[in-house]
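# Working through the structure, step by step
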Amino acid sequence: RWTLGDVNIANLPGVLWYLSNEVMPRCPKRYGISRIRRYKITTKASPELYARGMNFGVRYSYDAGKCTGSNIRWLGPCSSTWDRFGYVVGCNNFR
């Protein structure tokens, strides 16, 4: 019932921020979220990304299963990044 497909994965502070700012303020709760699952994952950067000294790429937003772009700045279509670096794990930089 609870498969890994079509889920958001984040660290604990990211999950709590998302719940507090995107899910709970709406009634009914957005997306029918009813639980938080804990996973331990391992990632590896693509060779193209790692050659630039990076382990993570830009975090893109996905809505209804489609990439809708970066929420940081316009980087062109999602495919332009994927064509250069492959399908990479993205992250936000909270400083």
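Fair warning: this is a prediction, and the values are worked out from it, not measured in the lab.

So, about the overall build of the chain. Scanning the chain from terminus to terminus reveals 3 helices and 4 strands. Each helix (α) and strand (β) of the chain, taken in turn from the N terminus, gives the series α-α-β-β-β-α-β. Across the 95 residues of the chain, 16% fall into the buried class. Of the roughly 8,300 Å² of accessible surface on the chain, a fraction of 54% belongs to carbon and sulfur atoms.

Further remarks concern the state of the cysteines. The bond known as a disulfide is covalent and runs between the sulfur atoms of two cysteines. This model, assessed by the stated rule, comprises 1 disulfide. Put simply, Cys67 and Cys78 are joined by a disulfide, and their sulfur atoms are 1.9 Å apart. Taking the sign of the S-S torsion, -80° for the link of Cys67 and Cys78, the bridge is left-handed. One end of the pair, Cys67, is in strand 3 (residues 66-70); the other, Cys78, is in helix 3 (residues 78-85), and 11 residues separate them in sequence.

As for its position among the elements, Ser61 is in strand 2 (residues 60-63). At 3.2 Å, the side chain of Ser61 forms a polar contact with the side chain of Arg59.

The next subject is the pairing of strand 2. In the sheet, strand 2 pairs with strand 3 via 4 bridges, with the strands oriented antiparallel. Bridge assignment links Ser61 to a residue of strand 3, and that residue is Gly69. Linking strand 2 back to strand 3 in an antiparallel pair, the connection comprises 2 residues, with Ala64 at a positive phi of about 55°.

The α-helix winds at 3.6 residues per turn, so residues separated by three or four positions along the chain end up facing the same way. Residues Cys78, Thr81 and Phe85 constitute the buried set of helix 3. Around the axis of helix 3, the buried residues are gathered within 70° of arc, so they sit on the same side. Away from its buried face, by an angle of more than 90 degrees, helix 3 presents the exposed residues Asp83 and Arg84. Gly86 occupies a position one or two residues after helix 3 and carries a positive phi of about 80°.

Quick notes on the rules
- Residues numbered from 1 in each chain as written.
- Predicted model: local features only at pLDDT ≥ 70, side-chain atom pairs only at ≥ 80, totals over all residues.
- Heavy atoms only, no water.
- Helix = DSSP H or I, 4+ residues; strand = E, 2+ residues; numbered from the N terminus.
- Buried < 20%, exposed > 50% of the residue type's maximum accessible area, 1.4 Å probe, protein only.
- Areas by Shrake-Rupley, 256 points an atom, 1.4 Å probe, with all protein chains shown as cover.
- Disulfide = S-S within 2.5 Å.
- Polar contact = N/O pair within 3.5 Å; in protein donor to acceptor, adjacent residues only side chain to side chain.
- Pairing = 2+ DSSP bridges.
- Arc of directions from axis to C-beta.

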